[in-house]
Amino acid sequence: MRLKRLAPLLATAGLIATTVPLLTTTQAAAAPAADHLRQKPAWQRCSPEQPASYECATLKVPLDYRRPDGRTIDIAISRMKSENPAKRHGVLLLNPGGPGGQGLDLPLLMGGLMPKEVRDGYDLIGFDPRGVGASSPVTCGLNDAEQAFDRAYRPETFPSDVAWARTVADKCREKAGAVLAHITTRNTARDMDTIRAVLGERRISYLGYSYGTYLGAVYSQMYPERTDRFVLDSGVDPQRVWRGMIQVWATEAEPAFARWTQWAADRSAEFGLGDDPKAVSATFWALVERADREPVDFEGTKVTGDMIRAARAVFFYPAQATPLVAALKAAAEGRPQAAGTDVQALKQLLGRTAEEPATDNGTAAFWAVVCGDTGNWPRYTEQYERDAAKDKVKYPLYGDFASNIKPCAFWDRPVESATPMHKRANVLTVQNEWDSQTPLTSGQGLHRALKGSRMVLAAGGEGHGVYLFDPASCANAPVSAYLATGRLPAQDVTCQNPPPAAAGERGAAPVKPLPLPGAPGRF
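None of the values given here were measured: they were computed from a predicted structure.

A.B. asks: Looking at this structure, how should I read the overall build of the protein chain?
C.D. replies: Per the secondary structure count, the protein chain includes 20 helices and 12 strands. The buried share of the protein chain, taken over its 523 residues, is 59%. Accessible surface computed for the protein chain: about 20,500 Å², of which carbon and sulfur atoms make up 51%.

Structure below.
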């Protein structure tokens, strides 16, 4: 992944399966003479266009750690060494989220954002997780339509949704079934420990965002004695992996929507959506109903009501949602756009534009992890239909999208069970109050699950990703202090974020990219 694509990723989660017993930490770390633990990285400059200090290497790791001498796959890693050896504490592994997010370029980005007292302490280590990017990438051969993630529930279209889910699972099984079974969070954690071993480190420190918080939590449970300073930013609740993490987008979109209606009502003179929250809500749902009857021609883009609802994440950012809804309303009514409206920027908030055609690597890795990490996906299509119909009423903005059928209904049973969170983990969790992708309740669930953890909560904070995303975030200082010293706060920290800056003009582009990727790499 090139650097220009990294920020959006950063800003950017039934029946019980019969599985092979869990590998214990001792078993996973056994075979100390295995080839993958004896290798030495052959570091070289990543690219002539990039700094000489940014080095890359490729490691060989077992596809299946139960068979360490069997088939291997590549893991692409990178590093930028500490420029102050006297202050160096160790290595800091970095992960941007996903599943399916590429992290090879993270040292380039993060190194320039970290305060000196943090940057001096670490060699920054990036890596593309197994199956992703430069690490033996997987593919299911999916076309653009098959990669489409958001599917609204309607009784008449549910059979085609079932066919889509089955097709994705079947194509993935046919194209890469033997590999996809091993593209899991537990195996990526094992790869992280291989990176630790070949770098000659006794322990690793870690900064992971979104899905990366779950990856870090799993590592802390599998290798507690090798877990050093861990920052888990924008948390995935281990009790919700993975269907529950998709469904939480629906439950938590409702309070965000209510907050937006108040924000828009307070500015009714400017945007004309209604002078109280109830009126704003009525305006919105009338627009959705109208767009479902006849798509709105939004400067050449046909916008349906389902597209508007699928953009549920934008309502966590009232200063950006309000110009979008006002512009769509004007288009639906055949009125000209208000002066200063940036239609192209607003279209991006709908999540329907892309700079380049999407491959299915991120999508394939996403489904491999969310379907292969846990066997708790329902296997009966009827349950998805019941849940989607019920949640469309209960959580009208996004409930049916979240609970509708997914390819995991037809996926092969996982090789391992999900990782239990029983061991103490002295780590730091970080959370914005208004996070659209890993909402506050999810971050609180991660904090509860990791006994011994501390939480830094940015009250009033908007957006997905906290540490270093917003230079003004009140969470930056306590996180930097922990990374620099290793001392957790004595108790949980709740700080007050400054109010987010409103758009400078109607329809202005957001200050930072919204987490609305075209493929379902959403955590």
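A.B. asks: Can you walk me through the nonpolar core in this structure?
C.D. replies: Nonpolar side chains in soluble globular proteins generally cluster together in the buried interior. Core analysis: the largest hydrophobic core is formed by 84 residues, its most contacted members being Leu93, Leu180, Ile195, Trp242 and Trp367. It is helix α7 (residues 158-180) that contributes the most residues to this core, 10 residues altogether. Membership of the second largest hydrophobic core comes to 39 residues, among which are Ala256, Leu287, Leu324 and Leu328.

A.B. asks: Sorry, what's going on with the pairing of strand β5 (residues 122-127) here?
C.D. replies: It is a general feature of regular strands that their side chains alternate between the two faces of the sheet. With six of six residues buried, β5 lies mostly within the body of the structure. Residue alternation in β5 divides its side chains into two sets, Tyr122, Leu124 and Gly126 and Asp123, Ile125 and Phe127, and both sets are buried. The pairing of strand β3 (residues 72-80) with β5 spans four bridges and is antiparallel. Looking across to β5, one finds that Ser78 is bridged to Gly126. Here strand β4 (residues 90-95) runs beside β5; their pairing, made up of four bridges, is parallel. Counted as the bridge partner of Leu92 is Leu124 from β5.

A.B. asks: So what exactly am I meant to see when it comes to the confidence of the model for the protein chain here?
C.D. replies: For residues with low pLDDT, the predicted coordinates do not support detailed interpretation. Looking at the protein chain as a whole, the pLDDT averages 89, with 88% of positions reaching at least 70. Overall, residues 1-31 carries pLDDT values under 50, and its contacts beyond four positions in sequence, including any with other chains, amount to 84 contacts. Every residue in residues 503-521 is under pLDDT 50, and counting partners more than four places away or in other chains gives 51 contacts.

A.B. asks: Please clarify how the pairing of strand β11 (residues 454-462) should be interpreted in this entry.
C.D. replies: Along β11, eight of the nine residues are buried, which leaves the element largely enclosed by surrounding structure. Note: strand β10 (residues 428-434) against β11, six bridges, orientation parallel. If you follow Gln431 over to β11, its bridge partner there is Leu457. In this fold, β10 hands off to helix α19 (residues 440-449), which returns the chain to β11; that crossover is right-handed. Bridge analysis of β11 against strand β12 (residues 493-496) gives four bridges, and the strand direction is parallel. Directly across from Val456, in β12, lies its bridge partner Val493. Between the parallel pair β11 and β12, the chain is carried across by helix α20 (residues 476-485), and the sense of this crossover is left-handed.

A.B. asks: Explain the pattern of salt bridges to me, please; I cannot follow it from the model alone.
C.D. replies: Two side chains of opposite charge can pair, provided their charged atoms sit close to one another. A full pass over the atoms with the stated rule returns 31 salt bridges. Where Glu201 meets Arg88, a salt bridge forms, and the shortest distance between an N and an O atom there is 2.9 Å. Taken together, the residues span a long stretch of sequence, with Glu201 in the loop between α8 (185-198) and β6 (204-209) and Arg88 in the loop between β3 and β4 at a distance of 113 residues. Judged by its relative accessible area of 16%, Glu201 is buried. Accessibility expressed as a relative area gives 31% for Arg88, which makes it partly exposed. Through salt bridges that share partners, Arg154, Asp292, Asp306, Arg309, Lys392 and Asp400 make up one connected network.

A.B. asks: What should I look at first to understand the state of the cysteines in this one?
C.D. replies: A disulfide bridge is the covalent bond that connects two cysteines by way of their sulfur atoms. Applying the stated criterion across every chain, the model contains four disulfides. Across a sulfur-sulfur distance of 2.0 Å, Cys46 and Cys56 are joined as a disulfide pair. In this structure the cystine formed by Cys46 and Cys56 twists about its S-S bond by roughly 100°; its chirality is therefore right-handed. Pair noted here: Cys46 is in the loop between β1 (44-45) and β2 (55-62) and Cys56 is in strand β2, with a separation of 10 residues, a long-range link. A relative accessible area of 14% places Cys56 in the buried class. Each disulfide pairs two cysteine sulfurs, and for Cys140 the partner residue is Cys172, the sulfurs being separated by 2.0 Å. Classification of the bridge connecting Cys140 and Cys172 rests on its S-S torsion, roughly 105°, and on that basis the disulfide is right-handed. Taken together, the positions of Cys140 in the loop between β5 and α6 (144-147) and Cys172 in helix α7 put the pair 32 residues apart, joining distant regions of the chain.

A.B. asks: When you look at the sheet that holds β5 in this model, what are you seeing that I'm missing?
C.D. replies: The strands that make up a sheet are held in pairs by hydrogen bonds between backbone atoms, and each pair lies either parallel or antiparallel. The strand order β1-β2-β3-β5-β4-β6-β7-β10-β11-β12 describes an open sheet built from 10 strands, whose pairing is mixed. Each edge of the sheet is formed by a strand with only one pairing partner; in this case those strands are β1 and β12. Packing against the sheet, helix α4 (residues 106-113) makes contact with β3, β4, β5 and β6, and its axis sits at approximately 145° to β5.

A.B. asks: Got a minute to help me understand the packing of helix α12 (residues 277-293) against helix α14 (residues 318-332) in this structure?
C.D. replies: Each pair of packed helices can be described by the angle between their axes along with the distance between the axes. Where α12 meets α14, the axes come as close as 11 Å, and the angle between the chain directions of the two elements is 50°. When the axis of α12 is compared with that of α14, the two are oblique. Considering how the two elements wind past one another, α12 and α14 form a crossing that is left-handed. Residue-level contacts link Thr283, Phe284, Leu287 and Arg290 of α12 to Val325, Leu328, Lys329 and Ala332 of α14. For the contact of α12 with α14, the per-class residue count stands at five nonpolar, one polar and two charged.

A.B. asks: In this structure, what is going on with the packing of aromatic side chains? I would like to understand it.
C.D. replies: Following the criterion strictly, the structure yields 26 aromatic pairs and no others. Each ring, one from Trp263 and one from Phe271, has its centre 6.4 Å from the other, and the planes form 40°; the classification is tilted. Considered together, Trp263 and Phe271 belong to a single accessibility category, that of buried residues. Each member of the aromatic cluster is reached from another via a ring pair, and the members are Phe149, Trp164, Tyr211, Tyr214, Trp242, Trp249, Phe366, Trp367, Tyr398, Phe401 and Phe523.

A.B. asks: I tried to follow unusual backbone geometry on my own but got confused; where do I start?
C.D. replies: Leaving glycine aside, a negative phi is the common case for residues, and trans is the common case for peptide bonds. Residue Pro99 follows Gly98 across a cis peptide bond; omega there is -15°. Omega for the bond connecting Val241 with Trp242 falls within 30 degrees of zero, at -15°, which places this linkage in the cis form. Residue placement: Trp242 occurs in the loop between β7 (227-233) and α10 (243-265). Phi is positive for Ser210, which is not a glycine, with a value near 60°. Within the element layout of this structure, Ser210 appears in the loop between β6 and α9 (211-222).

Criteria and thresholds
Residues numbered from 1 in each chain as written. Predicted model: local features only at pLDDT ≥ 70, side-chain atom pairs only at ≥ 80, totals over all residues. Heavy atoms only, no water. Helix = DSSP H or I, 4+ residues; strand = E, 2+ residues; numbered from the N terminus. Buried < 20%, exposed > 50% of the residue type's maximum accessible area, 1.4 Å probe, protein only. Areas by Shrake-Rupley, 256 points an atom, 1.4 Å probe, with all protein chains shown as cover. Core = buried A, V, L, I, M, F, W, Y, C linked by side-chain atoms within 4.5 Å. Pairing = 2+ DSSP bridges. pLDDT = per-residue confidence, 0-100. Contact = heavy atoms within 4.5 Å. Right-handed = clockwise from strand over helix to strand, strands pointing away. Salt bridge = Lys/Arg side-chain N within 4 Å of Asp/Glu carboxyl O. Disulfide = S-S within 2.5 Å. Axes fitted to C-alpha atoms, helices over the stretch in contact; angles between N-to-C directions. Parallel < 35°, antiparallel > 145°, perpendicular 65-115°, else oblique. Left-handed = near helix turned anticlockwise from the far one by under 90°. Nonpolar A, V, L, I, M, F, W, Y, C, P; charged D, E, K, R; others polar. Phe/Tyr/Trp six-rings, centres within 6.5 Å; stacked < 30°, edge-to-face > 60°.

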